[in-house]
There are 2 protein chains.
Amino acid sequence: MGMPYGDVMNARVRGEERRAEIVGAALEVIAERGYRGASLAAVAERVGLTQQGLLHYFPTKDALLVAVLQERDRWDAVPDTQWRVDLLASLVEYNAMRPAIIQTFSALLGESVTEDHPARGYFTERYARVRASMAAVLRAEYGDRLPNGLTPERTAPLLVAVMDGLQYQWLLDPETVDMPGAFRDFLRLLGEPAD
Amino acid sequence: MGMPYGDVMNARVRGEERRAEIVGAALEVIAERGYRGASLAAVAERVGLTQQGLLHYFPTKDALLVAVLQERDRWDAVPDTQWRVDLLASLVEYNAMRPAIIQTFSALLGESVTEDHPARGYFTERYARVRASMAAVLRAEYGDRLPNGLTPERTAPLLVAVMDGLQYQWLLDPETVDMPGAFRDFLRLLGEPAD
């Protein structure tokens, strides 16, 4: 005999709530202690679980970090019809105010290119999705060709590459690298008017 | 009593030769087994040292990997007077033929942004040097302003960011991402004629 249907549903909802609570706690611990300081033990303590109890929800630190990045993707999501190229500059400006999550993204992206890394699937799918989304934004703004003659589809990987690449330079040397300013320069290359 | 001067010099030369041999072996092991497969034990075996013996030359795997990347920087170096913007496209083309070292660079770059990472100094200094070098290349090609109005100094971080960012997209999904083609697209944005 299994659980009655209502109890199964309640258990599932409680499980999802618990997972969401753990992801939120992980984000807090990352913000306070950085990528390396965010241990499973520290996250478990914050939500009142044993480390063993936490492993029931997230079997590894990498799995928990991927869940944190997925949650950030959901928060940052803008409906495709609402995106504008200048909003991207605001997003980069916003990212410059939250180094801990950018550090987590950048560190995990680095690890993900190694053999059989558990975050590889997340980043590969995310890139495919983000490139498609950026191409749609560029098409809405510029039509089938940008002022420089490139198509939106060929420009999208460059846009994403500049955002990611600037994050590394900025994380390593925030005093020297003006990430939002450099990204606005890139938008000028695409044909945005100078401010 | 120390060693006579000649013997001190010989010991130093022998030590440097041994280090160079280890770095070469590490590059081979990385090429064959990838970033994660390149253990200190595998490198030690290739040069006929115990793992303890290897640690005398490189105290950690990260220290050895940084030495491999420094050696690659030396091989890839082109005198500043010889650089041309179109040579950068050739460099990216060349990089697409050697995924193992690009994977090593990208994985270690990711780790380097975490707290107190031993590779942080290497990457921070390398970026400062490479941005300055790229600015000089752009100035030799375009003068004080590129066709789009940006200065060489403001364009250099974008050039470096695109190279690094495209590497992640390409390493994760080499079938989808044409890294050399995308980089040539970026050079068109800078004002290079289309081919």
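Please read these numbers as outputs of a predicted model, since none were measured by experiment.

A. Region of interest: the overall build of chain A. Helices and strands together make up the secondary structure of chain A, namely nine helices and zero strands. Secondary structure of chain A in N-to-C order comes out as α-α-α-α-α-α-α-α-α. Looking at chain A as a whole, 52% of its 195 residues are labelled buried. When contacts within chain A are restricted to residue pairs at least 6 apart in sequence, those whose partners lie at least 24 apart make up 62%. Counting every atom, chain A has about 9500 Å² of accessible surface; 54% of that belongs to carbon and sulfur. Separation between the mean location of the 21 positive side-chain charges and that of the 28 negative ones in chain A comes to 3 Å.

B. Up close: the interface of chain B and chain A. On the side of chain A, 46 residues touch chain B, which itself brings 46 residues to the contact. Taking both sides of the interface into account, the surface hidden between chain B and chain A amounts to around 4000 Å²; carbon and sulfur atoms contribute 62%. Of all residues in chain B, Q169, L172 and L189 of chain B bury the most surface against chain A, accounting for 18% of the area lost on that side. Where chain B packs against chain A, one counts two salt bridges. Note that R154 of chain B is salt-bridged to D185 of chain A, the shortest N-O span being 2.5 Å. Summed over the shared surface of chain B and chain A, the result is 21 residue pairs in polar contact (both at pLDDT 80 or more). Every element with two or more residues in the side of chain B that touches chain A is listed here: α1 (5-37), α6 (99-112), α7 (120-142), α8 (152-172) and α9 (179-190) of chain B. When residues of the side of chain B that touches chain A are assigned to their parent elements, the largest contribution, twelve residues, is made by α8 of chain B. When grouped by side-chain class, the residues that make up the side of chain B that touches chain A number 22 nonpolar, 14 polar and ten charged.

C. Representation of the pattern of salt bridges. The final tally for this structure, using the stated rule, is 28 salt bridges over all chains. For the salt bridge of E32 of chain A with R46 of chain A, the shortest nitrogen-to-oxygen distance reads 2.9 Å. Highlighted residues: E32 of chain A in helix α1 (residues 5-37) and R46 of chain A in helix α2 (residues 40-46), separated in sequence by 14 residues. A residue is classified by how much of its surface remains accessible, and R46 of chain A, at 33% relative accessible area, is partly exposed. Between E16 of chain B and R12 of chain B there is a salt bridge, with the nearest N and O atoms lying 3.5 Å from each other. Of this pair, E16 of chain B and R12 of chain B both sit in helix α1, separated by four residues, roughly a single helical turn. Residue classification places E16 of chain B among the partly exposed positions, given a relative accessible area of 46%. You can call R12 of chain B exposed: its relative accessible area is 55%. Members of the salt-bridge network, linked through shared partners, are E28, E32 and R46 of chain A.

D. Region of the structure containing the environment of Q70 of chain B. Examined against the element boundaries, Q70 of chain B turns out to sit in helix α4 (residues 61-76). The spatial distance from the C-alpha of Q70 of chain B to the C-alpha of Y122 of chain B is 8.4 Å, given a sequence separation of 52 residues.

E. Structural context of the domain arrangement of chain A. Residue and element names in this part refer to chain A. Domain parsing of chain A yields domain 1 (1-76) and domain 2 (78-195). A separation of 28 Å is found between the C-alpha centroids of domain 1 and domain 2. Roughly 1500 Å² of surface becomes buried between domain 1 and domain 2 when both sides are summed, with 62% attributable to carbon and sulfur atoms. If you look at where domain 1 meets domain 2, you find three salt bridges. A salt bridge links R126 to D73; the nearest nitrogen and oxygen atoms lie 3.1 Å apart. The set of elements that each furnish at least two residues to the side of domain 1 that touches domain 2 consists of α1 and α4 (61-76). By residue number, the principal contributor to the side of domain 1 that touches domain 2 is α4, which donates nine residues.

Cut-off values and rules
Residues numbered from 1 in each chain as written. Chains lettered and ligands numbered in written order. Predicted model: local features only at pLDDT ≥ 70, side-chain atom pairs only at ≥ 80, totals over all residues. Heavy atoms only, no water. Helix = DSSP H or I, 4+ residues; strand = E, 2+ residues; numbered from the N terminus. Buried < 20%, exposed > 50% of the residue type's maximum accessible area, 1.4 Å probe, protein only. Contact = heavy atoms within 4.5 Å. Areas by Shrake-Rupley, 256 points an atom, 1.4 Å probe, with all protein chains shown as cover. Lys, Arg positive; Asp, Glu negative; His and termini not counted. Charge placed at Lys NZ, Arg CZ, Asp CG, Glu CD. Buried area = accessible area lost by both parts, 1.4 Å probe. Salt bridge = Lys/Arg side-chain N within 4 Å of Asp/Glu carboxyl O. Polar contact = N/O pair within 3.5 Å; in protein donor to acceptor, adjacent residues only side chain to side chain. Nonpolar A, V, L, I, M, F, W, Y, C, P; charged D, E, K, R; others polar. Domains from an automatic or database assignment.

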